Amino acid sequence: KLNERVEMEGNDEIGQLSRAYNFMSTKLSHIEKQRRDFVANVSHELKTPLSSIKLLAESLIMQSKVEVGIYREFLIDINSEIDRLNEIIDSLLNMVDLDEEKLNLNYELTHINHIVERIVTSIKPLADNKDIRILINQWEKIQIYVDKGKIYQALMNIIHNAVKYTDNGGRITIHIEREGKFAVIKVRDTGHGIPMESLPFIFERFYRVDSARSRKTGGSGLGLSISHQIITLHQGSIEVESQLNIGSTFIIKLPNDINQQF
Ligand code: ADP
């Protein structure tokens, strides 16, 4: 049994051994709980789009005469639920890869500025669609050793969120600067903001502030936890400051010192 404890006090060897045993036992039951929560979360996230698909398909089957237009509407909804499922599964696979790749980052000397510029170029059509302006503020080119692909993905999740959770006509500003031994990237938006009580959970797997609202914007609640994982693997940090209805700033710090990387 995992959460069993032995009650042996004292400073002799038996006492020390039982304390070590209790410590391991608590840790194991914690890991076991995390595993169960994770499976429950994954199942829930996969079941939600599946139940929508089932409901949509069933209501089509139940009707004897359906206009082509209605068929089309239902199929469009079914299609977007399938997209959601795909997105969730891709994120999950990604996360498993990251767990396994812990010590396998492919460090290369990289211009952080180029990565940010590439992300902004690829996300521009989405931003244009919402009339959101994206500005990059950079005073110098910063080169650091990172896994290019992974950092691209980590920053993409954050910049994509800034576009997703900002209303039409908003603005996103990205600062790139050097701060001591760190390259610092700040992504500021004029979006919905995050309520104070949600801030401690924002980097947890599957956590979403408002699942009804988030569902409409797509996503899986995994993006920020993946970014957090990637940045932590690089021995960097990610923090968020936010005010409801005013906007959010994500602050990413990546170590600049090659010696820290190897
Ligand atoms: P999702 O797939 O839901 O976007 P994330 O892990 O990327 O998942 O983000 C988790 C939640 O954090 C989102 O559902 C959203 O509620 C909130 N969030 C993330 N970025 C922002 C932002 N820039 N502005 C407001 N809320 C945000």
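Here, the structure is the one placed above.
What you are looking at is a predicted structure, and each value in this text was computed from that prediction instead of being measured.

### Describing the environment of lysine 148
Mapped onto the elements, lysine 148 comes out in helix α4 (residues 148-164). Separated by 35 residues in the primary sequence, lysine 148 and asparagine 113 have C-alpha atoms spaced 12 Å apart. Excluding residues within four positions of it along the chain, lysine 148 makes contact with Asn106, Glu108, Thr110 and Ile115.

### Some remarks on the site of the ligand
Neighbouring the ligand are 20 residues; Asn161, Tyr165, Arg208, Ser220 and Leu224 lie closest to it. Contact between the ligand and valine 209: an oxygen atom at 3.1 Å from a main-chain N or O atom of the residue. Relative to its free-state accessible area of 530 Å², the ligand is covered by the protein chains to the extent of 98%. With three residues, the top contributor of residues to the shell around the ligand is α4. Looking at the shell around the ligand, its residues break down into nine nonpolar, eight polar and three charged.

### What to know about the nonpolar core
Judged by nonpolar contacts, the single largest core of 47 residues is most densely connected at Ile174, Phe250, Ile252 and Leu254. In contact with isoleucine 252, other than residues within four places in its own chain, are Leu155, Ile158, Ala183, Val184, Ile185, Ile231, Ser237 and Ile238. Counting seven residues, the second largest nonpolar core, distinct from the first, contains Ile53, Leu56, Phe74 and Leu85.

### Quick notes on helix α2 (residues 68-100)
An ideal rise of 1.5 Å per residue puts 48 Å on 33 residues; α2 measures up with 48 Å between its terminal C-alpha atoms. Phe74, Ile78, Glu81, Arg84, Leu85, Ile88, Ser91, Leu92, Met95 and Leu98 are the residues of α2 that are buried.

The rules we used
- Residues numbered from 1 in each chain as written.
- Predicted model: local features only at pLDDT ≥ 70, side-chain atom pairs only at ≥ 80, totals over all residues.
- Heavy atoms only, no water.
- Helix = DSSP H or I, 4+ residues; strand = E, 2+ residues; numbered from the N terminus.
- Contact = heavy atoms within 4.5 Å.
- Near = heavy atom within 4 Å.
- Polar contact = N/O pair within 3.5 Å; in protein donor to acceptor, adjacent residues only side chain to side chain.
- Areas by Shrake-Rupley, 256 points an atom, 1.4 Å probe, with all protein chains shown as cover.
- Nonpolar A, V, L, I, M, F, W, Y, C, P; charged D, E, K, R; others polar.
- Core = buried A, V, L, I, M, F, W, Y, C linked by side-chain atoms within 4.5 Å.
- Buried < 20%, exposed > 50% of the residue type's maximum accessible area, 1.4 Å probe, protein only.
- Expected span 1.5 Å × (residues − 1).

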